[in-house]
Amino acid sequence: MSDLYKSGASFTPVEASGLAERVISKCTELGLTIATAESTTGGLVGHLLVSVPGASKVFIGGITAYHGRPKINLLNIDRETLTDYGSVSHETAIKMAEGSLSQFDVDISLSESGIASTTGNPDRPGGLYALSLIKKSGTTKSELLLFSGDRTETMYSASGTLFQWILETIDG
């Protein structure tokens, strides 16, 4: 494993859904709003949130930016950030979260950009995700994590990790 990333926890679809329920419940209780900027998960984070009754009090919206064009045009990421650091990087994930935070004017923004399938490149393996959480109050968390499993399994693990981060951030 590279020194650039660490191993991420695995979450099943049921576990990720359970965490989404806890996020909606806790954010409703605290009056917090959430938006997302997703790439590799293709909207899965938002889907899991809106699958919870009462999500409209918390989830304001999301941008699925699978290609570089919506990252630049909708999330206001500089082309140089993508060129210099790549789409799967702390820099890009943080800029995606900042763009979502700004576009939706929310309390918490989540972002992810990753590589879901095998690549043959040991420095950029399948299952590698750049995740970020930014709070309007200034708290930022960003990590490069390697999740095990197939394409779908890594997507649920990335989503579950972001939900876990929200819970840790608002409980701590």
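This structure is a prediction, so every number in the text was calculated from the model and none was measured.

Colleague: Tell me about the overall build of the protein, and name the residues and values.
Modeller: When you go through the protein residue by residue, the secondary structure sums to 6 helices and 6 strands. Expressed as a percentage of the 172 residues in the protein, the buried residues total 52%. In the protein, once contacts between residues fewer than 6 apart in sequence are set aside, the share between residues at least 24 apart is 67%. In the form shown here, the protein has an accessible surface area of approximately 8000 Å², with 49% of it arising from carbon and sulfur atoms. Considering the protein, the positive charge centre built from 13 side chains and the negative charge centre built from 19 side chains are found 4 Å apart.

Colleague: Kindly report on the pairing of strand 5 (residues 128-135), identifying the contributing residues and their values.
Modeller: Within strand 5, 8 of the 8 residues are buried, leaving the element largely enclosed by the surrounding structure. Of the two faces of strand 5, the one carrying Leu128, Ala130, Ser132 and Ile134 and the one carrying Tyr129, Leu131, Leu133 and Lys135 are both buried. Where strand 4 (residues 108-115) meets strand 5, 8 bridges bridge the pair, whose relative direction is antiparallel. Within strand 5, the position partnered with Gly114 by the bridge is Tyr129. As defined by bridge partners, strand 5 adjoins strand 6 (residues 140-146) across 7 bridges and the pair is classed as antiparallel. Following the sheet pairing, Leu128 is matched in strand 6 by Leu146. Where strand 5 hands over to strand 6, the hairpin turn is made up of 4 residues, of which Gly138 adopts a positive phi near 115°.

Colleague: Give me the side chain of Thr41: which residues, what numbers.
Modeller: Its place among the elements puts Thr41 in the loop between strand 2 (34-38) and helix 2 (44-50). What Thr41 contacts, discounting residues up to four positions off in sequence, is Glu112, Tyr129, Met155, Ala158 and Ser159.

Colleague: How would you sum up helix 6 (residues 151-171)? Please name residues and give values.
Modeller: With 21 residues, helix 6 extends 31 Å between its outermost C-alpha atoms, agreeing within 8% with the 30 Å of an ideal straight helix rising 1.5 Å per residue. Two or three places before Thr152, at the start of helix 6, stands the capping residue Asp150, its side-chain oxygen 3.1 Å from that residue's backbone nitrogen.

Colleague: Pulling in residues and values, what's your account of the pattern of salt bridges?
Modeller: Per the counting criterion, the structure on display carries 6 salt bridges. Measuring nitrogen to oxygen at the nearest pair gives 3.7 Å for the salt bridge that ties Lys141 to Glu168. Here Lys141 is found in strand 6, whereas its partner Glu168 is found in helix 6, with 27 residues between them in sequence. Accessibility expressed as a relative area gives 27% for Lys141, which makes it partly exposed.

Colleague: Please set out the nonpolar core residue by residue, giving values where relevant.
Modeller: Core analysis: the biggest nonpolar cluster contains 34 residues, and Ile34, Leu49 and Ile166 have the highest contact counts within it. Looking at this core, the elements that each hand over two or more residues are helix 1 (13-30), helix 2, strand 4, strand 5 and helix 6. Ranked by residues supplied to this core, first place goes to helix 6 with 9 residues. Not counting residues up to four positions away in its chain, the partners in contact with Leu49 are Ala20, Val23, Ile24, Ile34, Ala55, Phe59 and Phe163.

Colleague: Quick one: what's the story with the packing of aromatic side chains, residue by residue and with numbers?
Modeller: Applying the stated criterion across every chain yields a total of 1 aromatic pair. Each ring, one from Tyr129 and one from Phe147, has its centre 5.6 Å from the other, and the planes form 70°; the classification is edge-to-face. Of this pair, Tyr129 sits in strand 5 while Phe147 sits in the loop between strand 6 and helix 6, and the two are 18 residues apart along the sequence. Of the residues examined, Phe147 reaches a relative accessible area of 2% and is grouped as buried.

Conventions we followed
- Counting from 1, residues in each chain are numbered in the order their sequence is written.
- Reporting in this predicted model follows two pLDDT cut-offs: at least 70 for local features of residues, and 80 or more for side-chain atom pairs to be given and counted; totals over whole chains, interfaces and linings ignore these cut-offs and use all residues.
- Side-chain numbers here rest on the full set of heavy atoms in the structure, without hydrogens or water.
- Runs of E in the DSSP output that reach at least two residues are strands. Runs of H or I that reach at least four are helices, and both are numbered from the N terminus.
- Three labels apply to residues, based on accessible area from a 1.4 Å probe with only protein chains included: buried if under 20% of the type maximum, exposed if over 50%, partly exposed otherwise in between.
- Between two residues, a contact is recorded if the distance between any of their heavy atoms is within 4.5 Å.
- Only the protein chains shown count as cover for residues, and all accessible areas are computed by the Shrake-Rupley method using a 1.4 Å probe.
- By the counting scheme adopted, Arg and Lys are positive, Glu and Asp are negative, and His together with the chain ends is not counted.
- Charged groups are reduced to one reference atom each: NZ for lysine, CZ for arginine, CG for aspartic acid, CD for glutamic acid.
- Pairing between strands is defined by DSSP: at least two bridges between them are needed.
- A helix is expected to reach a length of 1.5 Å times the quantity of its residues less one.
- Contacts described as polar in this section are N or O atom pairs within 3.5 Å, which, within protein, must combine one atom able to donate a hydrogen with one able to accept it, while residues neighboring in sequence count only if both atoms come from side chains.
- For this analysis, a salt bridge means a side-chain nitrogen from Lys or Arg found within 4 Å of a carboxyl oxygen belonging to Asp or Glu.
- What makes a nonpolar core is a set of buried Ala, Val, Leu, Ile, Met, Phe, Trp, Tyr and Cys residues whose side-chain atoms join them at distances within 4.5 Å.
- Only Phe, Tyr and Trp rings take part, Trp by its six-membered ring, and two of them pair if their centres are within 6.5 Å. Stacked means planes under 30 degrees apart, edge-to-face means over 60, and tilted covers everything else.

Honestly, it's all geometry; don't read function into it.
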